[in-house]
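# Observations on the model geometry
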Amino acid sequence: MIKTSYEFDQSILAAGSSLKTNILLRFRADIAKSPRRNLNLSLVIDRSGSMAGAPLHHALKAAESVVERLEPDDILSVVVYDDEVDSVVPPQSVTNKAALKNSIRKVRAGGITNLSGGWLKGCEHVKTRLDPQKINRVLLLTDGHANMGIQDPKILTATAGQKAEEGIITTTLGFAQGFNEDLLIGMARAATGNFYFIQSIDEATEVFSIELDSLRAVVGQNLKVTLELADGVSLVDTLSLAKVSQNDASQAVITLGELYEDEDKLLGLSLGISSAQVGDLPVMKLHYSADVVQDDRIQSVSGTIDVVAKVGTVEEAAFAATSHIILELSRLTIAKAKETALNLAEQGKHQEAEQTLRALVKDLRDQGLNENFEIAEEIDQLEYFASRIAQKALGNAGRKEMRDQTYQTMTRNRSDLVGRGVTTGDEVYAMPTVNEVGSGVELHCVREGGKLRVKVMSEGYDPTKNIQFPRAIRAEGACYVVEGLELSSDRTFYRVRGKITRFAQPGETDIFVAPRQSNRANTGKASKGPASAADLPTTDSVGDSILVQCVKDGSKLRARVVSDGYEPDWNMRFPRSVREEGMLYVVDEVKTAPDGKSYIACGEIKRFVQPT
């Protein structure tokens, strides 16, 4: 069965007219512990040019870690894609892990991104072994934009929803900074799967592990909630990131997806009430249904609960205790505000977006919620994003962080997924520096579970306690000196007191003197090649250079750009002496030719070799 509960943000609502209230609903599969469900899993990995080097290396290591954690009764397939789609591991039981991992290790970077082809092949593999008693899942990883095959996000998103109706759920994983977060989040939402932002390439194994843990913990699927609102009650907003539709009776139907063992599925709602009299006020009948594990089988369950609010006089409401769910509702409200602010900023309404975030910061502080460390961290995030939006400097990384933070908070109830973000703001480079700690307190910024945390290094303080610290000047590896630290009112974390300076260790290179720039100087001169490709210098990384591939085009060998942001169909002026079919090259610069529809390779050319 499903255990349900609900609470309003105020334990007693004030009688009167035109009320607005928030309610938090909880759903949990109330079942005995059962053996984990077997998996029917397809890993679909982008091997296009933009993944060349360390990104693909870490992605493949993550795939190997998945193999290691699977059991013989699990089904695994592995698909890799660039222009072409290859099934390096056809669907099979995980009985020979060494052979599976060896197949994965042989994958090499290729050309451009046929995301749809790779994903649909993964869906096809899962369908061949489809079993309603298993978790049937495609994990789609990409670092770039689809530039071959089906590229329309609306079509891909709609198709993800159709596949979900067939029982094939898609989880998307965005790698580094080049992917289309709107597409991947849209596909995950339509498919009722999960989305992850792999910010740093060495996090890939950790993020894959989180998803595997989630799959092991699935005890219910297809959770749907129908709201039968009482007369005079209206749905103002949905604070959870769920699919909302209407049935034939014009009632809101909210699709919440999967239920996880020992994890509440939260649904936050903002409601309008036209009139309320003292006493018990019927608010809605809530109908729910889901497919849950019972007696080691998947069975459909459903139920209805009556949601009733307690209404009192204005005085009774004023003196009533604030509900203890205020923290959970605040997290959802914060996520909704980030989504709203981002949408406003992208409409050019930067001042309104900034005000949305700063008004929420004031409200949170007025409620005293900054005494909770998690909310204090969110306040720092809100101030950081408000500042970046006001300066029109949110950037690609900031946008991805906002979208990820909104998604995770409004879809999952896991502390290790919320508030993630490791982007370094420009502010750290402008900080005053000192070369000795003196009477101050030394702090270090470290990356921890996809978040930037600040830790105390000086003696006399508890090194296990977190520190509330301005998000704008956090940078992994940075050291700081502050005048002092003070404990929060509940003595669970520290706050910074006084001036903050950056600590530059004497005798060590200061990597935060100024934003690091490439040492490579673009000459603008067309590249010249040696006698053959064998004479080219080699490299196993692309960095901020451009990746080029040589492909067979009829009877000719053609060079094309495979790095994201370029037109893969354009011809390129490239030395013929070093062209070899299938070979990858790293060039300093690619310029648009005078004709406006072809490219010129400029600067030094190196032969790319896959790192081992």
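First, a word on what this report is: a plain description of the structure on this page. (Residues numbered from 1 in each chain as written. Predicted model: local features only at pLDDT ≥ 70, side-chain atom pairs only at ≥ 80, totals over all residues. Heavy atoms only, no water.)

## A look at the overall build of the protein
The helix and strand inventory of the protein stands at 11 helices and 28 strands. Relative to a compact globule of 612 residues, whose C-alpha radius of gyration would be 25 Å, the protein shows 27 Å and is just as compact. Taking the principal axes of the C-alpha coordinates as reference, the protein spans close to 90 × 65 × 50 Å. Across the protein, the fraction of contacts at a sequence separation of at least 24, relative to all contacts at a separation of at least 6, is 72%. As presented, the protein carries roughly 26,400 Å² of accessible surface, and 47% of it is formed by carbon and sulfur atoms. (Helix = DSSP H or I, 4+ residues; strand = E, 2+ residues; numbered from the N terminus. Rg over C-alpha atoms; globule rule 2.2 N^0.38 Å. Contact = heavy atoms within 4.5 Å. Areas by Shrake-Rupley, 256 points an atom, 1.4 Å probe, with all protein chains shown as cover.)

## Structural notes on the sheet that holds strand β4 (residues 39-46)
Here six strands make up an open sheet; going across it, the order is β6-β5-β4-β7-β8-β9 and the pairing mixed. Bordering the open sheet on either side are β6 (85-93) and β9 (195-198), each of which pairs with just one other strand. On average, adjacent strands in this sheet sit at an angle of 15° to one another, irrespective of strand direction. Two elements, strand β8 (residues 169-175) and β9, share four bridges in a ladder whose sense is parallel. What sits directly across from Gly 174, in β9, is Phe 197. Seen against the sheet, helix α3 (residues 115-128) touches β4, β5 (75-81), β6, β7 (135-142) and β8 and runs at an angle of roughly 165° to β7. In the packing of helix α5 (residues 181-191) onto the sheet, the strands contacted are β7, β8 and β9, and the crossing angle to β8 comes to about 160°. (Pairing = 2+ DSSP bridges. Axes fitted to C-alpha atoms, helices over the stretch in contact; angles between N-to-C directions.)

## Notes on the pairing of strand β28 (residues 598-608)
Judged by how many residues are buried, β28 sits mostly within the fold: eight of 11 residues are covered. Two strands pair when backbone bridges link them, and strand β23 (residues 538-539) and β28 are joined in this way by two bridges, in the parallel orientation. Note on β28: the bridge partner recorded for Thr 539 is Phe 608. Taken together, the seven bridges between strand β27 (residues 584-592) and β28 define a ladder with antiparallel strand orientation. What sits directly across from Val 590, in β28, is Ala 601. Between the end of β27 and the start of β28, which pair antiparallel, lie five residues, with Gly 596 showing a positive phi angle near 75°. (Buried < 20%, exposed > 50% of the residue type's maximum accessible area, 1.4 Å probe, protein only.)

## Some remarks on the nonpolar core
Ranked by size, the top nonpolar core spans 47 residues in total, and within it Leu 41, Leu 43, Leu 76, Leu 141 and Phe 208 carry the most contacts. Here this core gets seven residues from one element, more than from any other, and that element is helix α1 (residues 54-69). Once residues within four sequence positions are removed from consideration, Leu 141 is found in contact with Val 44, Ile 45, Asp 46, Met 51, Ala 59, Tyr 81, Leu 173, Phe 175, Ile 198 and Phe 208. (Core = buried A, V, L, I, M, F, W, Y, C linked by side-chain atoms within 4.5 Å.)

## Considering helix α4 (residues 153-165)
Over its 13 residues, α4 runs 19 Å from end to end, which matches the ideal 18 Å to within 8%, given 1.5 Å per residue. Structurally, α4 contributes buried residues whose contacts are with α3, β8 and α5. A side-chain oxygen of the first residue of α4 lies 2.9 Å from the backbone nitrogen of Lys 154; this N-cap is Asp 152. Immediately beyond the C-terminal end of α4, within one or two residues, lies Gly 167, with a positive phi of roughly 100°. (Expected span 1.5 Å × (residues − 1). Polar contact = N/O pair within 3.5 Å; in protein donor to acceptor, adjacent residues only side chain to side chain.)

## Structural notes on the side chain of Ser 527
Along the chain, Ser 527 falls in the loop between β22 (493-503) and β23. Here Ser 527 is in contact with Pro 575, Ala 601, Cys 602, Gly 603 and Ile 605, once residues within four sequence places are set aside.

## Some points on the environment of Ala 62
Within the fold, Ala 62 resides in helix α1. Owing to a relative accessible area of 0%, Ala 62 belongs among the buried residues under this scheme. Considered as a pair, Ala 62 and Asp 202 are 140 residues apart in the sequence and their alpha carbons are 9.1 Å apart. Apart from the residues within four sequence positions on either side, Ala 62 is in contact with Ala 204, Thr 205 and Phe 208.

## Topic: the environment of Gly 122
When you line up the elements, Gly 122 lands in helix α3. Sequence spacing of Gly 122 and Val 85 is 37 residues, and the spatial spacing of their C-alpha atoms is 9.9 Å. For Gly 122, the contacting residues outside a window of four places in its chain are Ser 42, Val 44, Val 79 and Val 138.

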